[in-house]
Every structure is written in structure tokens, then in C-alpha cells.
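Here are the chains, one letter per residue:
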Amino acid sequence: MNLPQLALEAGVVGCGGAGFPAQVKYAKPAELFLVNGAECEPLLRTDQYIMARFAERLCAAALAVKEHLGAKRLIFVLKERYRRQIEAIKGAAAKFEGEIELCLLDSVYPAGDEQVLLYEAAGRVVPPGGIPIQAGALVSNAGTLLSVADALEGKPVTHKYLTVTGEVARPGVFRVPLGMSYGECIALAGGAKIGDYCTLTGGPVMGRLNDPESPEDQVVTKTTSGIILLPGDHYLRRRNEIPLIHMRNRARAACIQCAICSASCPRSLLGSPLRPHLVMRAFASAQSMEELTRIEAARNAMLCCECGICEIYACPMELQPCRINVLVKGEIRRRGIKFQPPPGGGPAIDRPYRRIPSERMASRAGVLPYYHIPADEFHDVPACGRVAIPLQMHAGLPSLPCVKAGQRVRQGELIADIPAGALGAKIHASIDGLVREAGNRIVIEAEGKG
Ligand code: SF4
Ligand code: SF4
């Protein structure tokens, strides 16, 4: 089997974003293969842990990917301050006789955005609305590469490394089975230190605030990189709960069109036509969502990577350009409008001076108290009694169950397959046990626990 077939059989998807199936991502040739080890969300330590612990396996897997892609260069991209990880990768790379390059970045946010990473590491710019392969490159993060390393050894994706941090007694990195509940993950991290808290999935800046009313959505998936506990009245939660009508009134009353949001936007600084201050202007003036989606400058919200800089860091009036962009993107998709990005320019001349230190970003996001937790706090997880595995943990169509309630399964056994001819990913049992449910999700209980 070749590499995409192995990845397909193992159910590998991108661990970072939307969970793009690896068999499709690795299907096209590329000149450059970049391993994204920048992990720029301020509180996440998952990729840092993986790079320090599995450097040799990552290097071997990266070389296999490079060879498969026919790439001329393989570059591991890390932040300069990840000293232990750099030493580990350097040590492992030495065995491969100069085939692996290292690129070290300053500790700025969002260094791990794949378009920023590609420009910093190789000076290539992705066209507006495009993906790195259009600039001849393929980018995978360390977590995804570890799944590839497993796939090369015939092991499917059954577990996930993730960071549990914030207001927990024992923050750190954990390896847990897919489908484990957030509640159990929090308990593994020593439990919450405070009574009133909220949780975020992913990092504090780009992560998703969880709805306490939907605990069934709060289980570990193939793309869960972190669970963060914050006080219930935290700024990030309050910001998220401002109703649309207030956002519009605030945009009308308080947006001074200073354009600091656009001057700080990493996409705009790389030459994208996205200008969040113009999206805000359109949002403030449009009488309806229909009118808003007809304004070209507003449509450019489609080019936003939702890094949050414009609202968490830049805006002096505490407005929410990023949230407005998300809203406009949703409207454009809902209305089936075909977005044709305008051509981009080159990177801005003042770009090097506009980069934002990660620690300052953490401070603006109100998460500085948790920023200095190291990446070497790893905790083994005792056996898990029950998992509820969602059938949609990836881009494409949900997987179809191939087991029935009452059936016994072993860890690693295929339990859901890709619908014929569709984009998707295979799913495997993450624990041994009895299938209790095989509908919209697959619930497995370890025997003797039901
Ligand atoms: S930074 Fe804030 S006030 Fe200035 S243009 Fe952007 S949204 Fe408006
Ligand atoms: S969130 Fe704001 S700063 Fe980030 S890409 Fe979007 S518009 Fe630019």
C-alpha cells in the first residue's frame, strides 16, 4: 500500500483544523513539505510535547511523506523558544544526512497559521482564498504527522494527545481515547479549581466555546487539540455572548474607521484583499444581511482565518471584526453565493514590524496566568470505561457505522466506514468493549462497566 492508502485505512485526518482526510491531502505532488511545529495558540502544548517525545518517529514519517510527494525540501518549522523540541528534532534529523531542514521562528502570533508559516519558512505566498499546495507546498502539523507515523506501522487513529489546562489542578498533556468525555478529561487533570467555569475546545483565541447544555458534543475527537477551563465570567465568554443587534449598534456608534484592525491583520499583511475595517463599515451601513452579502468588501470576509487579532488585540474600541467576519462567511455559504476572491498584492513592507508577540496576545486574551505551564507535564490515562465516538470528526460526509448494538469490538477495529465515493474518514474503536449504540454516534462500554 502507498502512503495515502495507509492513511485512508488508518483514518488519518489533519489534527489542526477541519480534519481534512489525509488520503486526499497527500494525493498531489508538492515541491516543499513543511512540518508545522509552531503551535501558536498561546496555551496549547500538545505538538510541543509530541515533538520532544517522538522526534525520531516524526522525522522518519516526514521523510516518507517527502518521498511520496516527490518534494525537494523538507522543513521542520518551530518557534525559537522551543529549545527542548529543537534539540530533539536536530538529534533525530542528524541520522538522515542533511535531508531535514530546520526553520526557527520568533515567538509571534499566529506563527502557526499555515499561510504565515509558509511565507516565513520559504518566502512563498498563497493566493487569496487558496491553500498552500497552490504555492507548491504541503503543510502538516506534528500531531497529524504522528498519526501518519502510526499509519505507516499499520496502527489506526484511536487516541488523541491533547492539552488540558486553565483552571484545573493538574494541567498537562494527556493521551486519551477518541470519544472520552470532556468531564473525564477534566477529572484526569485533577478537576476544576473553581465552581463556575466555562470550557473551550482548542486554543483560547481560535477555540470554540462549549455550550453546557450540549454535553454530548463535548467528547474528544480526532481534531481536539485542547480543553481549556476558564472562569465563567471570563472576557472570552462575555465577548462571545454579545447579541448581533448590539454588535451592529456598536459598529454604527463606535467604529471610528481607524483601520488598525486591517493594519494588524496577518492575511492583509501578506497581500490578501481582506480589510476588516471595510467589512465593519459595510456591516454598520447595510440594512439587511442580504444587502451586506452584496458588498464586495464584505464578501472578502471569506478570506479571514479567524485568528482573532483584529478584535482581541487591535481594535481600540473593543469591537468584534472577527466575529462579524464569521457571521458574513456563514451568510455567504447559507445563501450559496459563489465567492471569487479578488487578486492579492504582495506582502506589506511594514509586515515585520507588525507581528504580535505571543505573550502579549495571551495577555490581551486574558489567559496570561496559564501561559507559562510547560509542555513536559504528561499524564498517563487509566483505562476508560465508556466512549461516545461521533461519526463526523473530519471534513466531508459523516462515516457510516459498520457495527451493531450488542456487538463486541476490540480497540483498533473498524467501526464506521466512508460512504461510497464520498470524502470522509474511517473510524476505529478506541477501547475494547460492547457496542451500546450505533446510530449518530458509536457508544462503546468496557465490559463489566455497563
Ligand atoms: S480597529 Fe476597531 S474601530 Fe478601528 S476600524 Fe477596525 S473595527 Fe473599527
Ligand atoms: S480574524 Fe481579523 S485579523 Fe485575523 S485574519 Fe480575520 S480579519 Fe484578519
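Structure: see above.
Residues numbered from 1 in each chain as written. Chains lettered and ligands numbered in written order. Predicted model: local features only at pLDDT ≥ 70, side-chain atom pairs only at ≥ 80, totals over all residues. Heavy atoms only, no water.

J.: Run through the side chain of His-234, naming residues and quoting values.
T.: Summarising the element assignment, His-234 is placed in the loop between strand E10 (226–231) and helix H9 (235–240). Residue His-234 is classed as buried on the basis of its relative accessible area of 10%. Among the polar contacts made by the side chain of His-234, one reaches the main-chain amide nitrogen of Leu-236 at a distance of 3.0 Å. Aside from chain neighbours lying at most four places away, what touches His-234 is Ala-365, Gly-366 and Val-367. (Helix = DSSP H or I, 4+ residues; strand = E, 2+ residues; numbered from the N terminus. Buried < 20%, exposed > 50% of the residue type's maximum accessible area, 1.4 Å probe, protein only. Polar contact = N/O pair within 3.5 Å; in protein donor to acceptor, adjacent residues only side chain to side chain. Contact = heavy atoms within 4.5 Å.)

J.: Describe unusual backbone geometry, listing the residues and the values that go with them.
T.: Excluding glycine, residues mostly have negative phi values, and the peptide bonds linking residues are mostly trans. At the junction of Tyr-109 and Pro-110, the peptide bond is cis and its omega measures out at 0° in the coordinates. Relative to the elements of secondary structure, Pro-110 occurs in the loop between strand E4 (108–109) and helix H6 (114–122). Phi at Gln-257 is positive, roughly 50°, even though this residue is not glycine. Locating Gln-257 in the fold gives a position in the loop between helix H10 (244–254) and helix H11 (260–264). Even without being a glycine, Glu-318 presents a positive backbone phi close to 55°. Mapping Glu-318 onto the fold places it in the loop between helix H16 (309–314) and helix H17 (321–334).

J.: Quick one: what's the story with empty space enclosed by the protein, residue by residue and with numbers?
T.: For the coordinates displayed, the defined rule picks out five cavities of 30 Å³ or more. There is about 130 Å³ of room inside the largest cavity. Lining of the largest cavity is provided by 15 residues; of these, Tyr-109, Pro-110, Pro-266, Arg-351 and Arg-355 occupy positions nearest its centre. Mapped onto the lining of the largest cavity, the elements with two or more residues apiece are E4, H6 and helix H12 (266–269). (1 Å grid on protein atoms, 1.4 Å probe; cavity = no way out; pocket = protein on both sides within 12 Å on 5 of 7 lines; lining within 4 Å. Points joined across faces, edges and corners; volume = space filled by probe spheres on them.)

J.: Run through the environment of Met-280, naming residues and quoting values.
T.: Structurally, Met-280 can be placed in helix H13 (residues 276–285). Remark: the alpha-carbon pair of Met-280 and Gly-396, spanning 116 residues in sequence, is separated by 32 Å. Setting aside residues up to four positions removed in sequence, Met-280 forms contacts with Ala-251, Cys-255, Gln-257, Leu-319, Gln-320, Pro-321 and Ile-324.

J.: Please set out the layout of surface pockets residue by residue, giving values where relevant.
T.: For the second largest pocket, the calculated volume is near 400 Å³. Forming the walls of the second largest pocket are 22 residues, and the residues nearest its centre are Leu-146, Asp-150, His-159, Tyr-161 and Arg-175. Every element with two or more residues in the lining of the second largest pocket is listed here: helix H3 (46–53), helix H7 (142–152) and strand E6 (159–166). The greatest single-element share of the lining of the second largest pocket, amounting to four residues, is contributed by H7.

J.: So what about the sheet that holds strand E3 (residues 101–105)? Which residues, and what values?
T.: Reading across the sheet, the four strands line up as E3-E2-E1-E5 and stay open at both edges, with parallel pairing between neighbours. Unpaired on one side and paired on the other, E3 and strand E5 (137–141) mark the two borders of the sheet. Across this sheet, the average inter-strand angle for adjacent strands is 25°, counted without regard to direction. Two strands pair when backbone bridges link them, and strand E1 (residues 32–37) and strand E2 (residues 73–79) are joined in this way by six bridges, in the parallel orientation. Among the inter-strand pairings, Val-35 is bridged to a residue of E2, identified as Phe-76. (Pairing = 2+ DSSP bridges. Axes fitted to C-alpha atoms, helices over the stretch in contact; angles between N-to-C directions.)

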